[in-house]
Amino acid sequence: MSKDKVIVNSWNEWDPLKHVIVGRADGCCIPAPEPALDAKVPEDSDMKGSHGPRTKDTVDKANELLNNFASMLEKKGIKVDRPVPLNHNQKISTPDWKVESMFGCMPARDILLTVGNEILEATMSYRCRWFEYLNYRPLIKKYFEQDKNMRHETAPKPRLTDADYREDYLSDKIGIQKRLKWTEEKFFVTTEEEPLFDAADVLRFGKDLIVQHGFTTNLKGIDWLRRHFKDHRVHAVNFPGDPYPIHIDATFTPIKEGLIINNPQRRLPKEQRKLFENNGWEIIDSAQPAHNEPPPLCYSSVWLSMNVLVLDPKTVCVEKSEVYQAEQLDKLGMEVVPVELRDAYAFGGGVHCCTADVYREGDLKDYFPNQKN
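Quick notes on the rules
Residues numbered from 1 in each chain as written. Predicted model: local features only at pLDDT ≥ 70, side-chain atom pairs only at ≥ 80, totals over all residues. Heavy atoms only, no water. Helix = DSSP H or I, 4+ residues; strand = E, 2+ residues; numbered from the N terminus. Rg over C-alpha atoms; globule rule 2.2 N^0.38 Å. Contact = heavy atoms within 4.5 Å. Areas by Shrake-Rupley, 256 points an atom, 1.4 Å probe, with all protein chains shown as cover. Core = buried A, V, L, I, M, F, W, Y, C linked by side-chain atoms within 4.5 Å. Buried < 20%, exposed > 50% of the residue type's maximum accessible area, 1.4 Å probe, protein only. Polar contact = N/O pair within 3.5 Å; in protein donor to acceptor, adjacent residues only side chain to side chain. Pairing = 2+ DSSP bridges. Axes fitted to C-alpha atoms, helices over the stretch in contact; angles between N-to-C directions. Arc of directions from axis to C-beta. Right-handed = clockwise from strand over helix to strand, strands pointing away. Salt bridge = Lys/Arg side-chain N within 4 Å of Asp/Glu carboxyl O.

Visitor: Describe the overall build of the protein chain, with residues and values.
Guide: Tallying secondary structure elements over the protein chain gives eight helices and 19 strands in all. Over its C-alpha trace the protein chain gives a radius of gyration of 19 Å, about what one expects of a compact globule, namely 21 Å for 373 residues. In terms of overall dimensions, the protein chain has a C-alpha envelope of 50 × 45 × 40 Å along the principal axes. For the protein chain, the share of sequence-separated contacts (at least 6 apart) that also reach a separation of at least 24 residues comes to 75%. Counting only carbon and sulfur atoms, one obtains 49% of the accessible surface of the protein chain, whose full area is about 15,600 Å².

Visitor: Now, about the nonpolar core: what can you tell me, with residues and values included?
Guide: Phe69, Leu73, Cys317, Leu341 and Phe347 are the most contacted members of the largest nonpolar core, which totals 41 residues. In terms of residue count, helix α2 (residues 56-75) provides more of this core than any other element does, eight residues in total. For Phe69, the contacting residues outside a window of four places in its chain are Val22, Leu309, Cys317, Val339, Val351, Cys354 and Thr355. Counting residues in each nonpolar core, the second largest holds 33 residues, with Ile21, Met124, Ala155 and Val234 among its members.

Visitor: So what's going on with the side chain of Arg266? Which residues, and what values?
Guide: Within the secondary structure layout, Arg266 lies in the loop between β14 (259-262) and α7 (270-277). At 3.4 Å, the side chain of Arg266 forms a polar contact with the backbone oxygen of Ala250. Within the structure, Arg266 has its side chain in polar contact with the side chain of Thr251 (distance 2.7 Å). Discounting chain neighbours no more than four positions away, the residues touching Arg266 are Phe239, Pro240, Gly241, Asp242, Ala250, Thr251, Ser301 and Trp303.

Visitor: Requested: an account of unusual backbone geometry, with residues and values cited.
Guide: For Met124, which is not a glycine, the phi torsion comes out positive at approximately 70°. Looking at where Met124 falls in the secondary structure, it is placed in the loop between β8 (118-121) and α4 (137-146).

Visitor: Give me the sheet that holds strand β1 (residues 17-22): which residues, what numbers.
Guide: As summarised here, the arrangement of the three strands in space is β4-β1-β19, forming an open sheet in which the pairing is mixed. Each edge of the sheet is formed by a strand with only one pairing partner; in this case those strands are β4 (79-81) and β19 (355-360). The average angle at which neighbouring strand axes cross in this sheet is 20°, direction not considered. Judged from the five bridges that link them, β1 and β19 form a sheet pairing that is antiparallel. Across the sheet, residue Val20 finds its bridge partner in β19, namely Asp357. Its contacts with the sheet place α2 against β1, β4 and β19, and it is angled at close to 165° to β1.

Visitor: Quick one: what's the story with helix α5 (residues 176-184), residue by residue and with numbers?
Guide: For α5, every residue scored as buried is listed here: Arg179, Trp182 and Thr183. Each buried residue of α5 lies within a common arc of 100° when the element is viewed along its axis, so the set occupies one face. Opposite the buried face of α5, at more than 90 degrees from it, the exposed residues are Gln177 and Glu184.

Visitor: Which residues make up the sheet that holds strand β10 (residues 202-205), and what are the values?
Guide: With mixed pairing, the three strands of this open sheet are ordered in space as β10-β11-β12. Looking at the sheet topology across the chains shown, the edges are occupied by β10 and β12 (233-237). Strand-to-strand, the axes of this sheet are offset by a mean angle of 20°, without reference to chain direction. As defined by bridge partners, β10 adjoins strand β11 (residues 208-212) across four bridges and the pair is classed as antiparallel.

Visitor: Describe the pairing of β11, and please don't skip the residues or the numbers.
Guide: Every regular strand shows the same layout, with side chains that alternate between the two sheet faces. With respect to burial, β11 is a largely interior element, five of its five residues being buried. Here β11 shows no split at all, with Asp208, Ile210 and Gln212 on one side and Leu209 and Val211 on the other all buried. Hairpin remark: β10 followed by β11, antiparallel, with two residues in the connecting loop; positive phi at Gly206, about 60°. Sheet topology places β11 next to β12; five bridges connect them, and they run parallel. In the strand pairing of β12, Asp208 is matched with Arg233. Handedness of the crossover joining β11 and β12 through helix α6 (residues 219-228) is recorded here as right-handed.

Visitor: Describe the pattern of salt bridges, with residues and values.
Guide: All told, the structure shown has 24 salt bridges when counted by the stated rule. Where Arg151 meets Glu118, a salt bridge forms, and the shortest distance between an N and an O atom there is 3.5 Å. Taken as a pair, Arg151 in strand β9 (residues 151-154) and Glu118 in strand β8 lie far apart in primary sequence, 33 residues in all. Residue classification places Arg151 among the partly exposed positions, given a relative accessible area of 39%. Here Arg233 and Asp366 are joined by a salt bridge, their closest N and O atoms 2.6 Å apart. Within this pair, whereas Arg233 is found in strand β12, its partner Asp366 is found in the segment after β19, the two being separated by 133 residues in sequence. For Arg233, a relative accessible area of 23% gives the class partly exposed. With a relative accessible area of 34%, Asp366 lands in the partly exposed category. One salt-bridge network, held together by shared partners, links Glu13, Arg109, Arg204, Asp357 and Arg360.

Visitor: Quick rundown of the pairing of β14? Include the residues and the values.
Guide: Along β14, one buried face is formed by Leu259 and Ile261 and the opposite face, lined by Ile260 and Asn262, is buried too. By the bridge criterion, four bridges tie strand β13 (residues 252-256) to β14 in an arrangement that is antiparallel. The residue of β14 that forms the bridge with Phe252 is Asn262. A loop of two residues connects β13 with β14, the two strands running antiparallel in sequence, and Gly258 in this loop sits at a positive phi of about 95°. Pairing geometry for β14 and strand β15 (residues 282-285), over four bridges, is parallel. Directly across from Ile261, in β15, lies its bridge partner Ile284. Following the chain from β14 across α7 to the adjacent parallel β15, one finds a crossover that is right-handed.

Below, the structure is given as structure tokens:
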């Protein structure tokens, strides 16, 4: 088989990026209340009580920024694909539940996990995101047809009955202190009824996968990943200090081999740092965000400042307004590429969230050879 037919290949977060999916804002909806969502929306959020399609002007602005980002990547010689949006503003149901709408297809990173020559569709733990994978199926179908070694896998679809969620986790009953205590005790909104994980809770370090246990990924989901990726070592991590632990990529961000920036409010616990320290990795506090609050109608925290996309070990994309994060990465020897994306945050996240790797140059390596097990 000729080399030019290898479409899918990505083993880590920092090898040279050559092919990527960038999401779209088309038809994005603010979902109606459901158990997973109720726990995520902060008590003082302007999201409370809002649901339905986002306004045309905000969608148009977000799409303009996403299109500009895609064009910038293409100018750097990176192939960019885009999802084919469904009509997200329609009711969906299974025999177990019904919801008023779907969500959208901006945060490709949430649902697609690329490990080597495999693209895995995550379970997703929100009912409104049950069918989100369909936005990406035309692309995955094409990759599968063009690359004879590509593996297309999908995790078992969860039922997402009420048994998957703790009813006592509803946000209007809880203060921030209790949330932080629960996070420290690894007591989350999701139960262990069935395997649940979002792809954005997984970081790829060659032979090792680092997976955040939190709101969107439970221990059964991590166990499923461990059984599925038999040739990998799968490590569960958690971050006390995050009252809403959803997705690892605004908390713990590898920049290049040997270097990780960690959210200073959500530091990796001492015991879990040993894997990195024993193998010569440096974990440093990330710079502070440039903003005191997220944009309007946005689920994410101000720490999307850390949500960066590494193009290669010397180049990184940072949201344009996040000047402190850009300055830190510049001092660490990286060429910083500013990307204006803040007005798209509300559609599902930042620069890393809105992308999914298809191809990075590089092979499978062992970055953590010193392990007890």
